[in-house]
Amino acid sequence: MPVPRRPLAVLPWIRLAALVAVVAVILAACDGGSDKKAAKKATPTPADAVALTVGDIRVESGGPPTALPDPIRDAVMTTLRNYVNGAVVTPLRTGTAAADLPTVFTTAAAARVSAPGVDHEALVDDGLPQVTGAITSENAPVKLVGLAEGDGSIVLVSAEIGLVVHGKVKGGTVDVTRRAQLVLANDNGTWKIDGWDVGVQRSAPGITPTTTTASK
């Protein structure tokens, strides 16, 4: 699991590494099944309404037990929805990522996503045939795991996303299946994506089906 450099300088390296390791174990345990099982629990959404809903929430604390505050939960979900709109829906509609996509990533992460390479390919759905019909999706509820410092303050939030998107194009459909664990950090008051472990499968008419994975 990637470890953001800012604004987490106040955390001892060993403690932060241990907390991130705990999240990885918890998410693996929570997954408890295949992508097929997640799809059975997913709810289709109308055209272009790729809705993300909150699923299980828990916090691993280096101090006393604590809960994920509602404002942090809401801020994280807003960032995730902006990411999906900018990196998935907009590219399928226009062929390019939304111009404001870098605002949902920290500076270092945005540089990697914006540059050509495996991170961009795993996180952004551009380069596919332009969708002219309805965009529909089946989305598993987003699992959130917060990491708290000894004083109970939340320093990281890990979000597990299961997203399947379909779009009608000439000659058939575009299908994108993505499983991602995104790590968000508080960047000057805004919760932004700073790390990821992503696997995505894509298929479309005239294009060889691909599978791409990336981690940071």
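Cut-offs and rules
Note on numbering: residues in each chain are counted from 1, in written sequence order. Restriction of local features to residues with pLDDT of at least 70 applies here, the model being predicted, together with a cutoff of 80 or more for giving and counting side-chain atom pairs; totals for whole chains, interfaces and linings are based on all residues. Derived side-chain values reflect all non-hydrogen atoms in the structure, with water molecules and hydrogen atoms excluded from consideration. Only DSSP runs of H or I covering at least 4 residues are called helices, and only runs of E covering at least 2 are called strands; the numbering of each starts at the N terminus. When a residue's accessible area, from a 1.4 Å probe over protein chains only, is under 20% of the maximum for its type it is buried; when over 50% it is exposed; and in between it is partly exposed. In these tables, accessible area is a Shrake-Rupley quantity obtained with a 1.4 Å probe, and a residue counts as shielded only by the protein chains included in the view. Should DSSP find at least two bridges between two strands, the strands are taken to pair. Only heavy atoms enter the contact rule, under which two residues are in contact if any of them lie within 4.5 Å. By this rule, a helix spans an expected 1.5 Å times one less than how many residues it contains. Bend angle per residue: angle between axes fitted to the 7 residues ending at that residue and the 7 residues starting there. Definition of nonpolar core: a set of buried residues of the types Ala, Val, Leu, Ile, Met, Phe, Trp, Tyr and Cys, connected through side-chain atoms within 4.5 Å. In the sections that follow, a salt bridge refers to a side-chain nitrogen of Lys or Arg positioned within 4 Å of a carboxyl oxygen of Asp or Glu. How sure the predictor is of each residue is captured by pLDDT, a score from 0 to 100.

1. A closer look at the overall build of the protein
- Looking only at helices and strands, the protein has five helices and seven strands in total.
- Reading the helices (α) and strands (β) of the protein from amino to carboxyl end gives α-α-β-β-α-α-α-β-β-β-β-β.
- Relative to its full complement of 216 residues, the protein shows a buried share of 44%.
- When the accessible area of the protein is evaluated, it comes to approximately 10,100 Å², of which 56% is carbon and sulfur surface.

2. Comments concerning unusual backbone geometry
- The backbone of N188 sits at a positive phi, close to 55°, despite the residue not being glycine.
- The topology assignment puts N188 in the loop between β5 (172–187) and β6 (190–204).

3. A word on the pairing of strand β3 (residues 135–148)
- Extensive coverage of β3 is indicated by the burial of 11 of its 14 residues.
- Examined bridge by bridge, strand β2 (residues 54–61) and β3 share six bridges and lie parallel to one another. Residue pairing across strands places S61 opposite A148, the latter belonging to β3.
- Pairing of β3 with strand β4 (residues 154–169) involves 12 bridges; the strand directions are antiparallel. Counterpart to L147 in the pairing with β4 is L156.

4. Here's the deal with the environment of V113
- Looking at where V113 falls in the secondary structure, it is placed in helix α4 (residues 107–114).
- Classification of V113 by relative accessible area gives buried; the value is 3%.
- For V113 and L123, which are 10 residues apart along the polypeptide, the C-alpha to C-alpha distance reads 7.3 Å.
- Apart from residues lying up to four places away in sequence, V113 is in contact with F105, H120, L123, V124 and W196.

5. Overview of helix α3 (residues 70–94)
- Compared with the 36 Å implied by 1.5 Å per residue over 25 residues, the 34 Å span of α3 between its first and last C-alpha is a close match.
- Taking the largest bend as the criterion, α3 deviates by roughly 30°, centred on N85.
- Of the residues one or two after α3, G95 is the one with positive phi, at around 95°.

6. Focus on the nonpolar core
- Judged by nonpolar contacts, the single largest core of 48 residues is most densely connected at L80, Y83, F105, L123, L182 and W196.
- Counting residues per element, this core draws most heavily on α3, at 10 residues.
- Counting five residues, the second largest nonpolar core, distinct from the first, contains L147, V155, L156 and A185.

7. Observations regarding the pattern of salt bridges
- For the structure shown, the criterion picks out nine salt bridges.
- Put simply, E160 and R179 hold a salt bridge, and the shortest N to O gap is 3.2 Å. In this pair, E160 sits in strand β4 while R179 sits in strand β5, placing the two residues 19 residues apart along the sequence.
- Measuring nitrogen to oxygen at the nearest pair gives 3.7 Å for the salt bridge that ties K192 to D187.
- The class of K192 is buried, set by a relative accessible area of 18%.
- If you follow the salt bridges from partner to partner, you end up with D70, R73 and D74 in one network.

8. Looking at the confidence of the model for the protein
- Averaged over all residues, the pLDDT of the protein equals 82, while 77% of them reach at least 70.
- Here residues 1–20 is a poorly scored stretch, pLDDT under 50, and it has 40 contacts once near neighbours within four places are set aside; other chains count.
- Here residues 25–47 scores under 50 on pLDDT; set against residues more than four positions off or in separate chains, the count is 32 contacts.

9. Description of the environment of L144
- Looking at where L144 falls in the secondary structure, it is placed in strand β3.
- What makes L144 buried here is its relative accessible area of 1%.
- Taking the C-alpha atoms as reference points, L144 and Q181, 37 residues apart in sequence, are found 9.6 Å from one another.
- Residues contacting L144, with those up to four places away along its chain left out, are V54, D56, I57, R58, L68, R73, V76, M77, V157, S158 and A159.

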